[in-house]
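Per-entry structural report
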Amino acid sequence: MSVQRISTKPIEGQKPGTSGLRKKTPVFMQPHYLENFVQAIWNGTGGAEGKTYVLGGDGRYFGDRAAQVILRMAAASGAKKVIVGQNAILSTPAASHLIRKRQTDGGIIMSASHNPGGPKEDFGVKFNTPNGGPAPEGVTEKIFQATKDISEYLILESQDVDLSTLGSRTLGGMEVEVVDPVADYAELMREIFDFDKIRALFQSGFRIRFDAMHAVTGPYAKAILEGELGAPAGSVVNAVPSPDFGGGHPDPNPIWAKDLMDTMFGADAPDFGAASDGDGDRNMIVGRNAYVTPSDSLAVLAANATLVPAYAGGLKGVARSMPTSKALDRVADSLGLACYETPTGWKFFGNLLDAGRATLCGEESAGTGSDHVREKDGLWAVLFWLNVLAERRESVADIMAAHWAKYGRNYYSRHDYEAVDSAAANGLVDALRARLADLPGQTVAGLRIEAADEFAYDDPVDGSHSAAQGLRVMTEGGGRIVLRLSGTGTEGATLRVYLERVETDPARLQDDPQAALASIIAAADQIAGIRERTGREAPDVIT
Ligand code: G6P
Ligand code: ZN
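A quick note: this is a predicted structure, and the numbers were derived from the prediction, not measured.

Scoring rules and cut-offs
- Residues numbered from 1 in each chain as written.
- Chains lettered and ligands numbered in written order.
- Predicted model: local features only at pLDDT ≥ 70, side-chain atom pairs only at ≥ 80, totals over all residues.
- Helix = DSSP H or I, 4+ residues; strand = E, 2+ residues; numbered from the N terminus.
- Expected span 1.5 Å × (residues − 1).
- Buried ≥ 20, exposed ≤ 12 C-beta atoms within 10 Å, placed from the backbone.
- Pairing = 2+ DSSP bridges.
- Axes fitted to C-alpha atoms, helices over the stretch in contact; angles between N-to-C directions.
- Contact = placed C-beta atoms within 7 Å.
- Core = buried A, V, L, I, M, F, W, Y, C linked by C-beta atoms within 7 Å.
- Domains from an automatic or database assignment.
- Nonpolar A, V, L, I, M, F, W, Y, C, P; charged D, E, K, R; others polar.

**Examining helix α13 (residues 378-392)**
- Over its 15 residues, α13 runs 21 Å from end to end, which matches the ideal 21 Å to within 8%, given 1.5 Å per residue.
- The element α13 is extensively covered by neighbouring structure, given that 13 of its 15 residues are classed as buried.
- At the C-terminal side of α13, Arg-393 shows a positive phi close to 50°.

**Concerning the sheet that holds strand β16 (residues 339-342)**
- Sheet architecture is open: 4 strands sit in the order β16-β15-β17-β18, paired in mixed fashion. Among the strands making up the open sheet, the edge pair consists of β16 and β18 (367-370). Here the strands of the sheet are splayed against their neighbours by 15° on average, with no regard to which way each runs.
- Both strand β15 (residues 318-321) and β16 contribute to a ladder of 4 bridges, which runs parallel. Looking at β16, one finds that Ser-321 is bridged to Thr-342.
- Sheet strands touched by helix α10 (residues 294-304): β15, β17 (360-363) and β18. Its angle to β17, the strand with the most contacts, is close to 170°.

**A word on the nonpolar core**
- In terms of nonpolar packing, the biggest core is built from 132 residues, with Ala-74, Val-82, Ala-302 and Val-318 touching the most fellow members.
- Ranked by residues supplied to this core, first place goes to α13 with 11 residues.
- Shared between two domains, this core holds at least three residues of each, these being domain 1 (3-179) and domain 2 (185-407).
- Ignoring sequence-local partners within four residues, the contact set of Val-318 consists of Ala-302, Leu-328, Ala-332, Leu-337, Cys-339, Ala-358, Leu-360 and Cys-361.
- With 32 residues, the next largest nonpolar core counts Ala-425, Leu-447, Val-473 and Val-497 among its residues.

**What about the environment of Leu-315?**
- Mapped onto the elements, Leu-315 comes out in the loop between α10 and β15.
- Spatially, the C-alpha atom of Leu-315 lies 8.0 Å from that of Ala-302, the residues being 13 residues apart in sequence.
- If near-sequence neighbours (up to four positions away) are discounted, Leu-315 is found in contact with Ala-302, Ala-305, Leu-337, Thr-359 and Leu-360.

**Comments concerning the domain arrangement of the chain**
- Split into domains, the chain comes out as domain 1 (3-179), domain 2 (185-407) and domain 3 (409-542).
- Between domain 1 and domain 3, the C-alpha centre-to-centre distance is 36 Å.
- Counting residues at the interface gives 10 residues for domain 1 and 5 residues for domain 3.
- Elements supplying a minimum of two residues to the side of domain 1 that touches domain 3: β2 (21-24) and α5 (137-149).
- Sorting elements by how many residues they give to the side of domain 1 that touches domain 3 places β2 first, with 3 residues.
- Here the residues of the side of domain 1 that touches domain 3 are counted per class, giving no nonpolar, 5 polar and 5 charged.

**What about the environment of Leu-428?**
- Checked against the element boundaries, Leu-428 lands in helix α15 (residues 422-435).
- Residues Leu-428 and Val-182 lie 246 residues apart in sequence; the distance between their C-alpha atoms is 45 Å.
- Beyond its immediate stretch of four places on either side in the chain, Leu-428 contacts Leu-495, Ala-528, Gly-529, Arg-533 and Thr-534.

Here's what the structure looks like:
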């Protein structure tokens, strides 16, 4: 086995986005594309020499090939060891846990999260730091610089490593340890939640439907929900991960998890429904006839956290991304907890979690998590809900109604305009940015605008500054419109419009969100000229 030094040239556009480098699979499969980026990860983080990494992914198309390349490159650059999930599978939260538990120098996760997979769909590579979290901007910037300076990469000439059987083997001078992807994660969940209580809930006849969407959480949910907690066989559906996610779009929201919604709103619905995404970090929660928005779910978990053993002593603080609704803030106020507002992207929670300033955090984009790992965690959120339900023995709908009665309801919706012409989308944002200062005092669609700004974040732990994180327009009565361009799309631009309004009138807590938000929606269109500038009559996705 010899180390090959391959000459290469920088490849345009290898800038990690919200969540690593994410591109169409054929782009990743181009000669040198993956190799350049992996070498840039080593080069941008002080080299791989002597390091130990975790490697795994969500099982999407090309992941098995990419794993072999990454292993050969790690070996060629002198890494000491790589811990790999069997068959190169690891859910993102399980990878985060392994990185922490084994005190490694970081890890590489091969996933494009909730984006479809397959020869023509998406692939991604993300570097996580030793705390188990996605690399912060300072690190991704160094990796990006390294992609621009690259002139060669190192790769071992060798056969494929067997990743199908557990145990250790060597590759060149490097150890490759193949581990069960589920075992360590399941053990962590056992430490956090009251498994006996949840088991008793299922014994009482409680029914769940967990839709793994043909993605990575299938084996995790089968082992934990059905295997350990005694949910009836068949409770976990679409449980076998497939390279193209069964041809579906593994994003747990009411549109892409429509089957689950139909079941939960149909006759003989189970008590509880949930789904997770491609790599297992997102979650969707739905009760019988009751969809729970991610923002509300975060608030409910915060309000009920002390029912869970690991959080029984109370939360240190909570955090949400800026576009996430302020339902969490209302709970934090009432509990006297610090509530942090960060830019979109899980990486921004890392410092708050590491510094012990926040225990629980979440995003409108279906991510919820805590300080148990440094990624959001889909199955953890489901177990959290189950633990709360096992304690309260109320329906999801009743829990929501009681929550809104106590805290008020933040009606909330996100409207996405996908694959919009990039120039048009940037034009829209630039034009609105230029008008922000003029907006306060104006009345639009019957709503008085109180304030408008562009969100920037100063990290309270390391002092880093992140500018241009979304445009915000605040209206009277606690209304809010947020506009930003997605950092995870792979085609044109995705314009996200986040809409929110607070309601405290007890008679108006069960309205249809789109109706409750009608004037905010109209104001957003007028302020930003959405229809006119995008040429779209309606959003592609409404969450
Ligand atoms: C990923 C990230 C999240 C982020 C979401 C949406 O899931 O991990 O932190 O909220 O993408 O990001 P986007 O930039 O597309 O709105
Ligand atoms: Zn994901």
